[in-house]
Amino acid sequence: MSSDAELIGRSLRGDSDAFVEVISRHETAIGNYLARRVGRQAAEDVLGDVWVAAYESRANYDRSYPEARPWLYGVALNRLRRHWRSAPAEEPASDLTGVASDWDPWPAVDARVDTQALLSKALARLKPEEREVLGLVAWEDLTVAEAGRVLDIPAGTARRLLHQARKALREAPEVVALLQVPTT
């Protein structure tokens, strides 16, 4: 099986199917990454932009790296940033005051929503670069060095940012409260 670098090289020499193979290898991972960041609907649009941008910039790909996945995450992150800059402001939540106060069909959902809200609050306190490295390593299953490549920073800097993110999360009041075991 050819490496991504070999396929990109073949695509530069005119083999149109070679880049399609690179896309097919990574479209699920990149699509899921985008969906986690902007939702499934918007991710489909951004994903198309990612493939166009990757195809147009494939001549700049450093073929000393056999796997293109970190490079594609970098292209995806750049497309996400462009998407966020061009997106209109979000609509405010609809008025929920008309819902009956005793209506609660899913009591178990409360705990999950509370947990998610607390973790989201703790993650929001991280510096953006710490959040990016953490997300790439924890959710996208990249190595720290690959996350550094995505963000165009040295591996040592990526390690430091990951360490800072983990430390900040361990010490975040929201996480501490979640991890405390109630005493009976």
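Everything numeric here is computed off the predicted structure, so don't read it as measured data.

Each value, and the rule that gives it
Residues numbered from 1 in each chain as written. Predicted model: local features only at pLDDT ≥ 70, side-chain atom pairs only at ≥ 80, totals over all residues. Heavy atoms only, no water. Helix = DSSP H or I, 4+ residues; strand = E, 2+ residues; numbered from the N terminus. Contact = heavy atoms within 4.5 Å. Salt bridge = Lys/Arg side-chain N within 4 Å of Asp/Glu carboxyl O. Core = buried A, V, L, I, M, F, W, Y, C linked by side-chain atoms within 4.5 Å. Buried < 20%, exposed > 50% of the residue type's maximum accessible area, 1.4 Å probe, protein only. Domains from an automatic or database assignment. 1 Å grid on protein atoms, 1.4 Å probe; cavity = no way out; pocket = protein on both sides within 12 Å on 5 of 7 lines; lining within 4 Å. Points joined across faces, edges and corners; volume = space filled by probe spheres on them. Nonpolar A, V, L, I, M, F, W, Y, C, P; charged D, E, K, R; others polar. Expected span 1.5 Å × (residues − 1). Axes fitted to C-alpha atoms, helices over the stretch in contact; angles between N-to-C directions. Parallel < 35°, antiparallel > 145°, perpendicular 65-115°, else oblique. Left-handed = near helix turned anticlockwise from the far one by under 90°. Phe/Tyr/Trp six-rings, centres within 6.5 Å; stacked < 30°, edge-to-face > 60°. Lys NZ or Arg CZ within 6 Å of the ring centre and 35° of its normal. pLDDT = per-residue confidence, 0-100.

With that settled, the discussion passes to the overall build of the protein chain. Across its full length, the protein chain carries nine helices and zero strands. The N-to-C order of helical and strand elements in the protein chain reads α-α-α-α-α-α-α-α-α. Contacts spanning at least 24 positions in sequence make up 64% of the contacts within the protein chain whose residues lie at least 6 apart.

The next subject is the pattern of salt bridges. Inspection of every chain in the model, using the stated rule, returns seven salt bridges. Where salt bridges share partners, they join D4, E21 and R25 into one cluster.

As a further point, take the nonpolar core. Ranked by internal contacts, the top residues of the largest apolar core, which has 44 residues, are I30, Y33, L34, V50, W71, L72 and L136. For this core, the domains that each give at least three residues are domain 1 (1-93) and domain 2 (94-183). Once residues within four sequence positions are removed from consideration, Y33 is found in contact with Y73, A76, L77, L80, E132, L136 and E140.

A volume near 350 Å³ is recorded for the largest pocket. Forming the walls of the largest pocket are 15 residues, and the residues nearest its centre are R36, R37, L123, R131 and W139. Secondary structure elements with two or more residues in the lining of the largest pocket: α2 (16-38), α5 (107-124) and α6 (128-138). Looking at the lining of the largest pocket, its residues break down into seven nonpolar, three polar and five charged. As for the second largest pocket, its lining consists of 13 residues, and the residues nearest its centre are G74, N78, R149, V150 and D152.

With that out of the way, let us pick up helix α3 (residues 40-56). With 17 residues, α3 extends 24 Å from end C-alpha to end C-alpha; this agrees with the ideal 24 Å at 1.5 Å per step. Every buried residue belonging to α3 is among A42, A43, V46, L47, V50, W51, A53 and A54, and all of these are buried.

Once that is clear, we can look at the packing of α6 against helix α7 (residues 144-151). Any two packed helices are characterised by the angle at which their axes cross and by the distance between the axes. Where α6 meets α7, the closest approach of the two axes is 9 Å, and the angle between their N-to-C directions is 130°. On the basis of the axis angle, α6 is oblique to α7. Once α6 is placed against α7, the crossing between them reads as right-handed. Counted together, E132, V133, L136 and V137 of α6 and V144, A147, V150 and L151 of α7 form the full contact between these two elements. Considered class by class, the residues forming the contact of α6 with α7 number seven nonpolar, no polar and one charged.

Tallied over the full model, the rule gives three aromatic pairs. The ring of Y55 carries the charged tip of R58 above its face, separated from the ring centre by 3.8 Å. The cationic tip of R149 hangs over the ring face of Y65; the distance from NZ or CZ to the ring centre is 3.5 Å.

This paragraph deals with the side chain of E140. Tracing the backbone shows E140 in the loop between α6 and α7. Taking the relative accessible area as the measure of exposure, E140 reaches 6% and is therefore buried.

This next bit is on the confidence of the model for the protein chain. Scored by pLDDT, the protein chain has a mean of 84; 79% of the residues are at 70 or more. Within the protein chain, no element has a lower average pLDDT than α5, which sits at 65, and none a higher one than helix α1 (residues 4-12), at 97. This model gives residues 92-101 a pLDDT under 50, and the stretch forms zero contacts once residues within four places in sequence are excluded.

Even without being glycine, D141 reaches a positive phi, approximately 60°. Tracing the backbone through its elements, the reader meets D141 in the loop between α6 and α7. For D141, a relative accessible area of 61% puts it in the exposed group. Of note in this structure, D152 is not a glycine but carries a positive phi near 60°. Inspection of the secondary structure puts D152 in the loop between α7 and α8 (155-171).

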